[in-house]
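Listed below are the residues making up each chain.
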Amino acid sequence: MFKQLFGLGKKGEESPNPAQTPQADAPQSAVQEDATGGLQKLKSAVSLTGKALVGKIVSLGHADGRLTEDELDEIEETLIRADVGMDMAIEMTEHIRKNPTIHSQDKLRDFLRSEFSGILANVPEATRLKHQKGKLNLYLVVGVNGAGKTTLIGKLANRFRQQGEKVIIAAGDTFRAAAEDQLEVWAQRAQVDLVRLDKADSAAVVFEAIAKAKAEQADVLIIDTAGRLQNKFNLMEELRKVKKIIDREAPADIVYESLLVIDATTGQNALRQAEVFHEAVQLTGVALTKLDSSAKGGIIFNIAKQYHLPVKLVGVGEKIDDLRDFDPHAFIDALFEL
Ligand SMILES: Nc1nc2c(ncn2[C@@H]2O[C@H](COP(=O)(O)OP(=O)(O)OP(=O)(O)O)[C@@H](O)[C@H]2O)c(=O)[nH]1
Ligand SMILES: [Mg+2]
């Protein structure tokens, strides 16, 4: 089911030259292949989780004989710490406890690999970010403050612009004074158009942005939103309004995604927000950021198992090229490559 490899953006430093022209022969798909530098970056991002999760558990395996109760407890704790979720941690440890034939290092590794692969294979939707040439591709980006929304938008905008697409980003976070300026910096870096309206609410910004996207036949519109308002109720009300404007104003045949941005370093806590956001905007997927600085990448299994939401994008650094499409196989390979 999951055939594609991580689609890798071009590897390199942030573009130092804003006047750089887009590559005329860039691939048309949302996914770019680059099997060298890009994959290396992913591997090093996943390696923190790999060592803390797979490395730790496998190291407890025995050449012969059974795991002790203390060692089994340590396996359970390791799974919990990596944020795979309490239920999964208990279930997996129980399975290991009952099956002494898998208490060797090799067998433990095989068991973990097949469990983790199975969980990701069960996510119902394809993991690839939806994208279609010739249509308006609209991405609404939501998540708690500091999760990495604005950065993700900059990276994504840059990727599509490099592929020769017309991209507009909309400063829908009108609550925090500096938010629009921050998005403006990203618009310049990515060399894309920005819609910002000072002293307006986000629904008005989104209205304007959709009107511009239609008038200019844009290929991509990405909408930034606030991570915090006066309170959670107001935030969700605002997001609902934004969603209503999209439903009303966008062309009927748009390609649409509502992406929840989750900070991999805060793991489990951020995940609890998923339901609230889902209720407001009907999420279609997750972008997991800061994988490069987290040993809690096990959250990916938790998201898949509990929320049945596909992880579509992974942030592996702060730079403009540090974005990867999520591919379960490549993620598992990286996780087990120690
Ligand atoms: N290491 C690392 N840092 C990241 C990544 N993505 C974002 N960041 C950093 O996380 C911090 C917060 O990112 P923002 O994009 O401002 O987050 P936000 O969700 O827009 O925050 P609010 O606007 O406050 O709601 C910044 O310092 C980013 O550089 C990533 O993939 N890896
Ligand atoms: Mg922001």
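Residues numbered from 1 in each chain as written. Chains lettered and ligands numbered in written order. Predicted model: local features only at pLDDT ≥ 70, side-chain atom pairs only at ≥ 80, totals over all residues.

S.K.: Account for the site of ligand 1, naming residues and giving values.
M.R.: Lining the immediate surroundings of ligand 1 are 22 residues, of which Gly-148, Thr-150, Thr-151, Gly-227 and Gly-315 lie closest. When residues in the shell around ligand 1 are grouped by element, the largest group, three residues, is from helix α5 (residues 149–162). Class assignment for the residues of the shell around ligand 1 results in four nonpolar, eleven polar and seven charged. (Near = placed C-beta within 6 Å. Helix = DSSP H or I, 4+ residues; strand = E, 2+ residues; numbered from the N terminus. Nonpolar A, V, L, I, M, F, W, Y, C, P; charged D, E, K, R; others polar.)

S.K.: Give me the environment of Asn-145: which residues, what numbers.
M.R.: Mapped onto the elements, Asn-145 comes out in the loop between β1 (137–142) and α5. On the basis of neighbour count, Asn-145 is assigned to the partly exposed category, with 15 C-beta atoms found within 10 Å. For Asn-145, the residues in contact, after removing those within four places along its chain, are Gly-227 and Arg-228. (Buried ≥ 20, exposed ≤ 12 C-beta atoms within 10 Å, placed from the backbone. Contact = placed C-beta atoms within 7 Å.)

S.K.: Let's hear about the packing of helix α8 (residues 232–249) against helix α10 (residues 274–281): which residues, and what values?
M.R.: One way to put it is that α8 packs onto α10 with a least axis distance of 8 Å and a crossing angle of 35 degrees. Between α8, through Lys-232, Met-236, Leu-239, Arg-240 and Lys-243, and α10, the contact on the second element is made entirely by Val-276, Ala-280 and Val-281. Looking at side-chain class alone, the contact of α8 with α10 contains five nonpolar, no polar and three charged residues. (Axes fitted to C-alpha atoms, helices over the stretch in contact; angles between N-to-C directions.)

S.K.: Let's hear about the sheet that holds strand β2 (residues 167–171): which residues, and what values?
M.R.: Strands pair in a sheet through their backbones, by hydrogen bonds, and they do so in one of two ways: parallel or antiparallel. Read across the open sheet, the eight strands follow the order β3-β2-β4-β1-β5-β6-β7-β8; overall the sheet is mixed. Edge positions in the sheet fall to β3 (193–195) and β8 (323–325), since each of these pairs with one other strand and no more. Adjacent strand axes in the sheet meet at a mean angle of 25 degrees, parallel and antiparallel pairs treated alike. (Pairing = 2+ DSSP bridges.)

S.K.: Lay out the pairing of strand β4 (residues 220–224) in plain terms, naming residues and giving numbers.
M.R.: Counting buried residues in β4 gives five out of five residues, a clear majority hidden from the surface. Of the two faces of β4, the one lined by Val-220, Ile-222 and Asp-224 and the one lined by Leu-221 and Ile-223 are each fully buried. As judged from the four bridges shared by β1 and β4, these two strands associate in the parallel manner. Bridge pairing in β4 places Asn-137 opposite Val-220. Taken together, the five bridges between β2 and β4 define a ladder with parallel strand orientation. Across the sheet, residue Ile-168 finds its bridge partner in β4, namely Leu-221.

S.K.: Residues and numbers for the pairing of strand β5 (residues 255–263), please.
M.R.: Of all nine residues that make up β5, seven are buried, and the element is covered over most of its length. Across six bridges, β1 lies against β5 in parallel orientation. For Leu-138, the partnering residue across the bridge sits in β5 and is Tyr-256. Across five bridges, β5 lies against strand β6 (residues 285–289) in parallel orientation. Residue Ile-262 lies in a different strand from β6, and its bridge partner there is Leu-288.

S.K.: Which residues make up the confidence of the model for the protein chain, and what values go with them?
M.R.: Looking at the protein chain as a whole, the pLDDT averages 85, with 87% of positions reaching at least 70. pLDDT under 50 marks residues 1–36. Its contacts with residues more than four places away, or in other chains, come to 70 contacts. (pLDDT = per-residue confidence, 0-100.)

S.K.: Can you break down the environment of Leu-313 residue by residue, with the values?
M.R.: On the secondary structure map, Leu-313 appears in strand β7 (residues 311–315). Residues Leu-313 and Arg-324, spaced eleven residues apart in sequence, show a C-alpha to C-alpha distance of 5.7 Å. Sequence-distant contacts of Leu-313, defined by excluding residues within four places in its chain, comprise Leu-129, Leu-152, Ala-287, Leu-323, Asp-325 and Phe-326.

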